[in-house]
Amino acid sequence: MRRGALQARLWAAGLWTLALTPALVLLARALGNRLGANPVEELTLELGLWALRFLLLTLAATPLRRLTGWTVLLRHRRLLGLTAASYALLHLLVYAVLDQGLLWSQIVGDILKRPFITAGMAAFTLLLPLAATSFDAAIRRLGARRWQALHRLVYLATALALLHFWWKVKADTAEPAVYLTVFALLLVARFVAPGHRSRRRPPAGRQPA
C-alpha cells in the first residue's frame, strides 16, 4: 500500500474515532450512572456542545486549507458535517423523549414561548436539508451552484446554535463566548481574508464551509 493511501486511511480512521468517541463516552457515563445530579440535563447539554463543536470543525476545513495548505479536514468534511447533524438530532431526541416525555403540546409550547429553544429548533431545521443533500447524487441533481448556495445555510445554522447556547446559559456566558469567538475568526478567515474566491466550484461530495 502506498504511503499516501495509508495516511489517508489512518486520518479517516482517526476522524471516525473522533466522531464516535463522545457518544460512546456519554453512553458509558449514562450506564454507569455518572451523569451527575441531573443526568437528562447533562446529557442534553453535552450532546448539544458536541454538535456545535463539530459544526465549527466543519467550518474550519476551508480556512485551514487556505491558511496552511492542510486538506485533511476538507477531504472529510462530509463526515464532520453529518456528525454534527447526528449529535444535534440526539440532542433534540433527549430533550423531546427524556425531558418532555414526547408531550407534543408542551414541546410546541416551549418552541413558541422560549427563545433559546426557538433558536435551537431553527438551527436543527436548517441542518436537515444540509444532511439530506450531503451526497454526490444531490450535487448532480441540484447542480453545483444551487447546492453550494444551499449549503451556505451552515453558517446561519451555526449562528443560531450559538444563540441557542448563549440564551440557554443566561448570565454565565464565558463558554459560549469562546465558541462565538472561534466562529467569528472562521468567518473572517473564510470571507474577509485575502484570497477568498466566492465563485469557486466545490469538489464533488464536499460541503462548502
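Whatever comes next refers back to the structure up there.
Since we're looking at a predicted model, the values are computed, not measured.

(A) Structural context of helix 10 (residues 153–169). Given a rise of 1.5 Å per residue, 17 residues ought to cover 24 Å, and the 25 Å separating the end C-alpha atoms of helix 10 matches this to within 8%. Taken as a whole, helix 10 has its buried residues at Val154, Tyr155, Ala157, Thr158, Leu160, Ala161, Leu162, His164 and Phe165. Among the structural elements, helix 2 (39–59), helix 5 (77–99), helix 7 (115–132), helix 9 (144–151) and helix 11 (174–192) are those in contact with the buried residues of helix 10. Just downstream of helix 10, Lys170 is the residue with a positive phi angle, here 60 degrees.

(B) Molecular detail of unusual backbone geometry. Located in the positive-phi region is Asn33, a residue other than glycine, with phi close to 55 degrees. Within the secondary structure layout, Asn33 lies in the loop between helix 1 (3–31) and helix 2. The residue Leu102 is not glycine, and still its phi comes out positive at about 55 degrees.

(C) Representation of a nonpolar patch on the surface in the model. Among the surface-exposed residues, Leu89, Leu90, Leu93, Val97, Leu98, Leu102 and Trp104 lie close enough to one another that they form a single nonpolar patch of about 640 Å² accessible area. The element contributing the most residues to the nonpolar patch is helix 5, with five residues. Assignment of secondary structure puts Leu93 in helix 5. A relative accessible area of 41% places Leu93 in the partly exposed class.

(D) The arrangement of the pattern of salt bridges in detail. Summed over all chains, the structure comprises four salt bridges. Across the salt bridge formed by Arg29 and Glu42, the nearest N and O atoms sit 3.3 Å from each other. One end of the pair, Arg29, is in helix 1; the other, Glu42, is in helix 2, and 13 residues separate them in sequence. The shortest N-O distance in the salt bridge between Asp110 and Arg114 comes to 3.6 Å. Looking at Arg114, the relative accessible area reads 38%, which means it is partly exposed.

(E) How the structure looks around the packing of aromatic side chains. What the rule picks out here adds up to five aromatic pairs. Between Trp11 and Trp70 the ring centres are 5.4 Å apart and the planes differ by 75 degrees, which places this aromatic pair in the edge-to-face class. A residue pair is termed long-range when its members are at least 10 positions apart, and Trp11 in helix 1 and Trp70 in the loop between helix 3 (61–68) and helix 4 (72–75) qualify at 59 residues. Plain terms: the ring middles of Trp50 and Phe54 are 5.9 Å apart, the flat faces sit at 40 degrees to each other, and that makes the pair tilted. Here Trp50 and its partner Phe54 are both found in helix 2, four residues apart, which amounts to about one turn of the helix.

(F) Region of interest: the packing of helix 5 against helix 7. The N-to-C vectors of helix 5 and helix 7 enclose an angle of 140 degrees; their axes lie 10 Å apart at closest approach. When the axes of helix 5 and helix 7 are compared, the pair comes out oblique. Pair helix 5 / helix 7 crosses with left-handed handedness. Judged by residue contacts, Leu82, Ala85, Ala88, Leu89, Leu92 and Tyr95 of helix 5 engage Ile117, Met121, Phe124, Leu127 and Ala131 from helix 7. Looking at the contact of helix 5 with helix 7 residue by residue, the class counts come to 11 nonpolar, no polar and no charged.

What counts, and where the lines are drawn
Residues numbered from 1 in each chain as written. Predicted model: local features only at pLDDT ≥ 70, side-chain atom pairs only at ≥ 80, totals over all residues. Heavy atoms only, no water. Helix = DSSP H or I, 4+ residues; strand = E, 2+ residues; numbered from the N terminus. Expected span 1.5 Å × (residues − 1). Buried < 20%, exposed > 50% of the residue type's maximum accessible area, 1.4 Å probe, protein only. Contact = heavy atoms within 4.5 Å. Patch = residues over 30% accessible without salt bridge, like charges linked within 9 Å, V, L, I, M, F, W, Y side chains within 5 Å. Areas by Shrake-Rupley, 256 points an atom, 1.4 Å probe, with all protein chains shown as cover. Salt bridge = Lys/Arg side-chain N within 4 Å of Asp/Glu carboxyl O. Phe/Tyr/Trp six-rings, centres within 6.5 Å; stacked < 30°, edge-to-face > 60°. Axes fitted to C-alpha atoms, helices over the stretch in contact; angles between N-to-C directions. Parallel < 35°, antiparallel > 145°, perpendicular 65-115°, else oblique. Left-handed = near helix turned anticlockwise from the far one by under 90°. Nonpolar A, V, L, I, M, F, W, Y, C, P; charged D, E, K, R; others polar.

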